[in-house]
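# Per-entry structural report
Listed below are the residues making up each chain.
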Amino acid sequence: MSFRSSFSNKRIIFYSMLATGLQVVLLTPSEAEGIVEEIFITKPQQTTLTTTGDSTTLLKDKGVNFSSAGGVSQLPIINGMNSDRVKVLIDGSEITAACANHMNPPLSYMDASRISSTEVISGITPVSMGGDSIAGTISVKSRKPIYSDSDKLLIQGTIGANYESNGQHHGEYLNATVAGNNLSLGYSGSLDRSATYRDGDGDKVLDTLYRSESHALTFGSKGANQELVIKLTHQEVPYQGFPNQYMDMVGNKSNGVIVNYLHNFSWMKLDALFSWNDVEHEMGFFTNEKTGTMPMLTEGEDIGYVIKAEFPLSEQYTLRVGNEYHQFELDDWWPAVPSSMMMGPDDYININNGERKRYALWAESEYRFNPSWTAIYGIRYEHVVTDTDDVQPYNTMSMMMNPNLDALAATAFNARDHKQIDDNVDLSFILRYQPSLENTVEFGYSRKTRSPNLYERYTWGRNTMAMTMIGWYGDGNGYVGDIDLDPEIAHTLSAAYTKTAPDNSWQVTINPYFTYVDDYIDATQIGTFNPRMVMSVTRPKLQFNNMDAEFYGLDINGSRILSQSEKWGTLNLAASASYTRGKRKDGPEDLYHIMPLNMKVALVQSLRQWTNTVELEWADEKDDVDQVRLENETAKYTLLNIFTQYRWEGTTLNIGVRNLLDESYDLPLGGVSLAQWRDEGMSGPFESLHGPGRSFEMGVRYDF
Ligand SMILES: [Cu+2]
């Protein structure tokens, strides 16, 4: 919370209460009067480097955490809930993480340089933006087509390059559009690659190298009240290291099509979207930082449509209705390794003709009772069908007197029916009270449902090797599915209070939330294994399982203009803090990958063409760890970053240093470094993945 005390005491007190304590800034009366008299309408502008590759940096300032994976494949976490629990819309379309390790999550398909807008809705999501998720929604959009507003042909674009010294990460990008009054053709391309980065001690964080290339064509056509947009995308990731997985990505090729038609009738707005995305994914080994032999192949295909209609029925009342269909088809198989006793002579078939089909209908109303009260309420129904065909192990031989667990499991799996049908109902109710421009309160309730994904329901192998290939937790443990898993249902209560200064010189938002999840899909231990037969290391074999869980937390963020003058420009302070807890209702209490208390404070100076930023990131020690997964504790850390940006006509230059003090730290959501464990002879404990040490970065961008 942050507020200004009454002016009568002739002293302005600025409180910035970040969850741990109270920061009080006392201003002298003369300073205070200066602030009161000035009218600030400029919102703080925090500038970040336009970069290529990893798109997650753009979302980290919006309350999204990410668990570590490959360099362009981190997984989103909102309010303590991860990966598939967060709905991710890429230009309005849904792409499923097809890999058994979620190496190709939806955000990995959108290069950072293509993104023009990001929107994060955490907790209570209107049903129009929800479905098949319980945590929240991330909507990421590339540029809309632009059109010429004169007789001349419009030629416009951006070209740029960026470099980071740590890992010699570098990328180049081009966005260009040629457009007339009604037709527009755009191209976006980017190339991004990084070698292995080093931690604060100067040691290599093994297997963090990658390369990614993407191309997109956007065609737009517009009439008086309508527009048709067609997007074609192609992406190739020839290699990407995953330090916290047993496997690496040695190929991910995808092609996509999005067709979006918009029509504004006088009585309704129509928005129809069709999308298709196809991916060929391959795992194996490509670097001497993590070696091995084991090919694994995945083919996935997403097809879907969304039809939305909005009816402005009266001044007060808007009705939105929608119909959606989404289908995901999956094959996941591991070809036999010719000379291997264990991995042959047959191919291991993990998921055979897997399918997950969702049919959805929803209706949502927005009702404005009076100028200060608005309600948004809606209901969504989804019919979800999942199914898969019979499977096959590498062989049915028993090894060294041990029963062949995979062979037994395959027989049991094939003997039963695999089809599951879920009928899911989501509800949301949001009330907004805005008595004045300075105060906004929002609160509400939602019920949100997610059906299990294909790996949670249909992975079946019980040998150690098969089980350690499944899971997107980066924890080094083994997982097996359960056909009888139920959908998880989350009940969320949440509120947000925003207070803005009458002169816009400061703003603060407080957002507490509580979620109870019925049948949360977690995991229970069904056995243990010794990785690589090393008896000193024991890890759990886990099975996906329904259990109840609860999450609660508090997010606070605010900003304040500290001073504004001709000589020093505008000085703005922005701060945010976040606290989350996640607990099982049965068994060991603490859930996995819950970010410890953390905060960020940035001081930004904008002076003519210059923008200078000093940023402090702090995370507390993590000692609430998941005992089921043997999650490691991590120590607290502080990172200091500095950036400067200079704009001159169409050119923007960025120079900065990230982790200026070269702090050595473990990533609280990093999982364990299996690459390092293998490199050190596969006998020690699993250690936490280290964060990157100091990195000098620069970027240049030219807008034409
Ligand atoms: Cu994979």
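Cut-offs and rules
Residues numbered from 1 in each chain as written. Predicted model: local features only at pLDDT ≥ 70, side-chain atom pairs only at ≥ 80, totals over all residues. Heavy atoms only, no water. Helix = DSSP H or I, 4+ residues; strand = E, 2+ residues; numbered from the N terminus. Contact = heavy atoms within 4.5 Å. Polar contact = N/O pair within 3.5 Å; in protein donor to acceptor, adjacent residues only side chain to side chain. Pairing = 2+ DSSP bridges. Buried < 20%, exposed > 50% of the residue type's maximum accessible area, 1.4 Å probe, protein only. Phe/Tyr/Trp six-rings, centres within 6.5 Å; stacked < 30°, edge-to-face > 60°. Patch = residues over 30% accessible without salt bridge, like charges linked within 9 Å, V, L, I, M, F, W, Y side chains within 5 Å. Areas by Shrake-Rupley, 256 points an atom, 1.4 Å probe, with all protein chains shown as cover. Salt bridge = Lys/Arg side-chain N within 4 Å of Asp/Glu carboxyl O. Lys, Arg positive; Asp, Glu negative; His and termini not counted. Donors = N, O, S within 2.8 Å, 3.2 Å for Na, K, Ca; no water. Tetrahedral: all angles 85-135°; square planar, octahedral: opposite > 155°, others 65-115°. pLDDT = per-residue confidence, 0-100. Arc of directions from axis to C-beta.

Structurally, Tyr516 can be placed in strand β24 (residues 506-529). Remark: the alpha-carbon pair of Tyr516 and Ala490, spanning 26 residues in sequence, is separated by 5.7 Å. Ignoring any residue separated from it by four or fewer positions in sequence, one finds Tyr516 in contact with Ile489, Ala490, His491, Asp548, Ala549, Glu550 and Lys585. At 3.1 Å, the side chain of Tyr516 and the side chain of Asp548 are in polar contact.

So, on to the pairing of strand β14 (residues 248-264). Bridge count between strand β13 (residues 226-240) and β14: 13 bridges; the pairing is antiparallel. Along β14, the bridge assignment pairs His234 with Asn255. Pairing of β14 with strand β15 (residues 269-284), which is carried by 16 bridges, proceeds in the antiparallel orientation. Bridging from a neighbouring strand, Ser254 pairs with Val279 of β15. Where β14 hands over to β15, the hairpin turn is made up of four residues, counted between the paired strands.

What follows covers unusual backbone geometry. Omega for the bond connecting Gly344 with Pro345 falls within 30 degrees of zero, at 5°, which places this linkage in the cis form. A positive phi angle, close to 60°, is found at Met682, a residue other than glycine. For Met682, a relative accessible area of 22% puts it in the partly exposed group.

This part covers the packing of aromatic side chains. A complete count under the given rule lists 23 aromatic pairs for this structure. Where Tyr239 meets Phe286, the ring centres are 5.1 Å apart and the plane angle is 40°; that geometry is what we call tilted. Of this pair, Tyr239 sits in strand β13 while Phe286 sits in the loop between β15 and β16 (296-312), and the two are 47 residues apart along the sequence. Looking at Tyr239, the relative accessible area reads 27%, which means it is partly exposed.

Taken together, Leu153, Ile155, Ile159, Val178, Tyr702 and Phe704 make up a surface patch of nonpolar side chains, about 580 Å² in accessible area. The residue Phe704 is located in the segment after β31 (695-703) in this model. The class for Phe704 is partly exposed, based on a relative accessible area of 36%.

Let us now look at the pairing of β15. Sheet analysis places β15 next to β16, joined by 15 bridges and oriented antiparallel. Bridge pairing in β16 links Phe274 to Tyr305.

This next bit is on the environment of Arg694. In this fold, Arg694 is placed in the loop between α6 (674-679) and β31. Accessibility expressed as a relative area gives 35% for Arg694, which makes it partly exposed. As a C-alpha pair, Arg694 and Ala490 span 204 residues in sequence and 40 Å in three-dimensional space. Arg694 has contacts with Asn166, Val657, Arg658, Asn659, Leu660, Leu661 and Asp662, leaving out every residue within four places of it along the chain. Among the polar contacts listed, one links the side chain of Arg694 to the backbone oxygen of Leu660, at a separation of 2.7 Å.

All right, on to the side chain of Arg678 then. Looking at the secondary structure, you find Arg678 in helix α6. Buried within the structure, Arg678 lacks any salt-bridge partner; Asp248 is the closest side chain of opposite charge, at an N-O distance of 7.9 Å. Those residues in contact with Arg678 that lie beyond four places of it in its chain are Tyr246, Phe285, Lys290, Thr291, Gly292 and Arg532.

On to the coordination of the copper ion. With distances of 2.0 to 2.8 Å, the protein atoms coordinating the copper ion are Cys99 (SG), Met103 (SD), His281 (NE2) and Met283 (SD). Note that the copper ion binds four donor atoms; their angles at the metal cover 79 to 125°, and the shape is irregular.

Before going further, it helps to examine the pattern of salt bridges. Considering all chains together, one arrives at 37 salt bridges under this definition. Salt-bridge contacts for Asp624 lead to Arg581; the nearest nitrogen and oxygen are separated by 2.8 Å. You can see Asp624 sitting in the loop between β28 (610-619) and β29 (637-648) and its partner Arg581 sitting in strand β26 (residues 569-584), a full 43 residues away along the chain. Each of Lys87, Glu94, Asp132, Glu324, Arg356, Arg358, Arg380 and Glu382 takes part in salt bridges that share partners, so that together they form one network.

Its location among the elements puts Ser365 in strand β18 (residues 348-370). At 3.1 Å, the side chain of Ser365 and the side chain of Tyr317 are in polar contact. Contacts of Ser365, omitting those with residues within four sequence positions, involve Tyr317, Thr318, Leu319, Ala375, Ile376 and Tyr377.

Turning our attention to the confidence of the model for the protein. Per-chain confidence: the protein averages 90 in pLDDT, with 92% of residues scoring 70 or above. Low pLDDT, under 50, characterises residues 1-47; the stretch is placed with 93 contacts to residues that sit more than four places away or in other chains.

This part takes up helix α3 (residues 405-414). Residues Asp406, Ala407, Ala409, Ala410 and Phe413 constitute the buried set of α3. Projected down its long axis, α3 shows its buried positions confined to an angular sector of 165°, all on one face. Exposed and oriented more than 90 degrees from the buried face of α3 are Leu408 and Thr411. At the N-terminal end of α3, a side-chain oxygen is found 3.2 Å from the backbone nitrogen of Asp406, two or three residues along, and the residue is Asn404.

A few words on the sheet that holds strand β5 (residues 81-82). Spatially, three strands are ordered β3-β4-β5 in an open sheet, and the strand pairing comes out antiparallel. Edge positions in the open sheet fall to β3 (65-67) and β5, since each of these has one partner strand only. With two bridges joining them, strand β4 (residues 75-78) and β5 adopt antiparallel strand pairing. Among the inter-strand pairings, Ile77 is bridged to a residue of β5, identified as Asn82.

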